[in-house]
Amino acid sequence: MAITKEDVIDFIANMSVLELSELIKEFEEKFGVSAAAPVAVAAVGAVAADAAPAEEKTEFDAILASAGDQKIKVIKEVRAITGLGLKEAKELVEGAPQTLKEGITKEECADIKAKIEAVGGVVEIK
């Protein structure tokens, strides 16, 4: 009867820690390998992954930082941009800083920022 991988794994799983340690030492001597080598390779791989350049951000959030002096005009623009009702838009503007839109393109963020700043508000893009 042939021994399968599962048989070997079950056998190793039932060994004590001391027996397993001795088995690993025998493998290292017999095959000329070291159990520490894969750990070093994994550590180098992790460092290389950290050194990889970050992906360019494609989704942005438009955040109303301040309503400025012309709050009514800012409320009107917020309503037009978000589609909120008057009460909700007013609460959003008065509760600044608040997120106007999330997960939008850079161009859409720039458009929103221009519209709000044209009426005296302040928008941050994150």
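Residues numbered from 1 in each chain as written. Predicted model: local features only at pLDDT ≥ 70, side-chain atom pairs only at ≥ 80, totals over all residues. Heavy atoms only, no water.

### Here's the deal with the overall build of the protein
Part 1: A tally of helices and strands in the protein yields 6 helices and 3 strands.
Part 2: When the helices and strands of the protein are listed from N to C terminus, the series reads α-α-α-β-α-α-β-α-β.
Part 3: Split into buried and exposed, the 126 residues of the protein put 17% on the buried side.
Part 4: Accessible surface, the protein: about 9400 Å² in total, of which carbon and sulfur atoms supply 58%. (Helix = DSSP H or I, 4+ residues; strand = E, 2+ residues; numbered from the N terminus. Buried < 20%, exposed > 50% of the residue type's maximum accessible area, 1.4 Å probe, protein only. Areas by Shrake-Rupley, 256 points an atom, 1.4 Å probe, with all protein chains shown as cover.)

### Some words on the packing of helix H4 (residues 71–82) against helix H6 (residues 106–118)
Part 1: Look at H4 against H6: their axes get within 9 Å of each other, and the N-to-C directions meet at 155°. Comparing their axes, H6 and H4 come out roughly antiparallel. In the crossing of H4 with H6, the sense of the turn from one axis to the other is right-handed. Between H4 and H6, the residues in contact are Val74, Glu77, Val78 and Ile81 and Ile112, Lys115 and Ile116, respectively. (Axes fitted to C-alpha atoms, helices over the stretch in contact; angles between N-to-C directions. Parallel < 35°, antiparallel > 145°, perpendicular 65-115°, else oblique. Left-handed = near helix turned anticlockwise from the far one by under 90°. Contact = heavy atoms within 4.5 Å.)

### Examining the sheet that holds strand S1 (residues 60–66)
Picture the strands of a sheet paired through backbone hydrogen bonds; they go either parallel or antiparallel.
Part 1: Overall, antiparallel pairing links the 3 strands, which are arranged S2-S1-S3 in an open sheet. Both outer strands of the open sheet, strand S2 (98–104) and strand S3 (122–125), are each paired with one neighbouring strand and no more. The mean angle between the axes of side-by-side strands here comes to 20°, regardless of whether they run parallel or antiparallel. (Pairing = 2+ DSSP bridges.)

### A look at the environment of Thr58
Part 1: By the secondary structure assignment, Thr58 is in the loop between helix H3 (37–51) and S1.
Part 2: On a C-alpha basis, the gap between Thr58 and Gly103 in space is 8.3 Å, while along the polypeptide they are 45 residues apart.
Part 3: Ignoring sequence-local partners within four residues, the contact set of Thr58 consists of Ile104 and Thr105.

### Quick look at the packing of aromatic side chains
Part 1: Taken as a whole and judged by the stated rule, the model has 1 aromatic pair.
Part 2: Aromatic side chains Phe27 and Phe31 sit 5.9 Å apart centroid to centroid with 25° between the ring planes, which places their arrangement in the stacked category. Pair noted here: Phe27 and Phe31 are both in helix H2 (residues 17–31), with a separation of 4 residues, about one helical turn.
Part 3: A relative accessible area of 42% means that Phe27 is categorised as partly exposed. (Phe/Tyr/Trp six-rings, centres within 6.5 Å; stacked < 30°, edge-to-face > 60°.)

### Regarding a negative patch on the surface
Part 1: Taken together, the side chains of Glu19, Glu22, Glu26 and Glu29 define an acidic patch exposed on the protein surface.
Part 2: With respect to the helices, strands and loops of the structure, Glu22 is situated in helix H2.
Part 3: Relative accessible area serves as the criterion here: at 44%, Glu22 is assigned to the partly exposed category. (Patch = residues over 30% accessible without salt bridge, like charges linked within 9 Å, V, L, I, M, F, W, Y side chains within 5 Å. Salt bridge = Lys/Arg side-chain N within 4 Å of Asp/Glu carboxyl O. Lys, Arg positive; Asp, Glu negative; His and termini not counted. Charge placed at Lys NZ, Arg CZ, Asp CG, Glu CD.)

### Concerning the pattern of salt bridges
Part 1: Applying the stated rule across the entire model yields 5 salt bridges.
Part 2: The partner of Glu108 in a salt bridge is Lys101, with the nearest N and O atoms 3.2 Å apart.
Part 3: When salt bridges that share partners are traced, they join Lys71, Lys90 and Glu94 into one network.

### Details of the nonpolar core
Part 1: Leu64, Val74, Val78, Leu100 and Ile116 are the most contacted members of the largest nonpolar core, which has 18 residues in total.
Part 2: Looking at this core, the elements that each hand over two or more residues are S1, H4, helix H5 (86–94), S2 and H6.
Part 3: Per element, the largest residue contribution to this core is 4 residues, and it comes from H4.
Part 4: In this structure Leu100 touches Ala62, Ile63, Leu64, Val78, Thr82, Leu92, Ile112, Ile116 and Val123, once residues within four positions along its chain are discounted. (Core = buried A, V, L, I, M, F, W, Y, C linked by side-chain atoms within 4.5 Å.)

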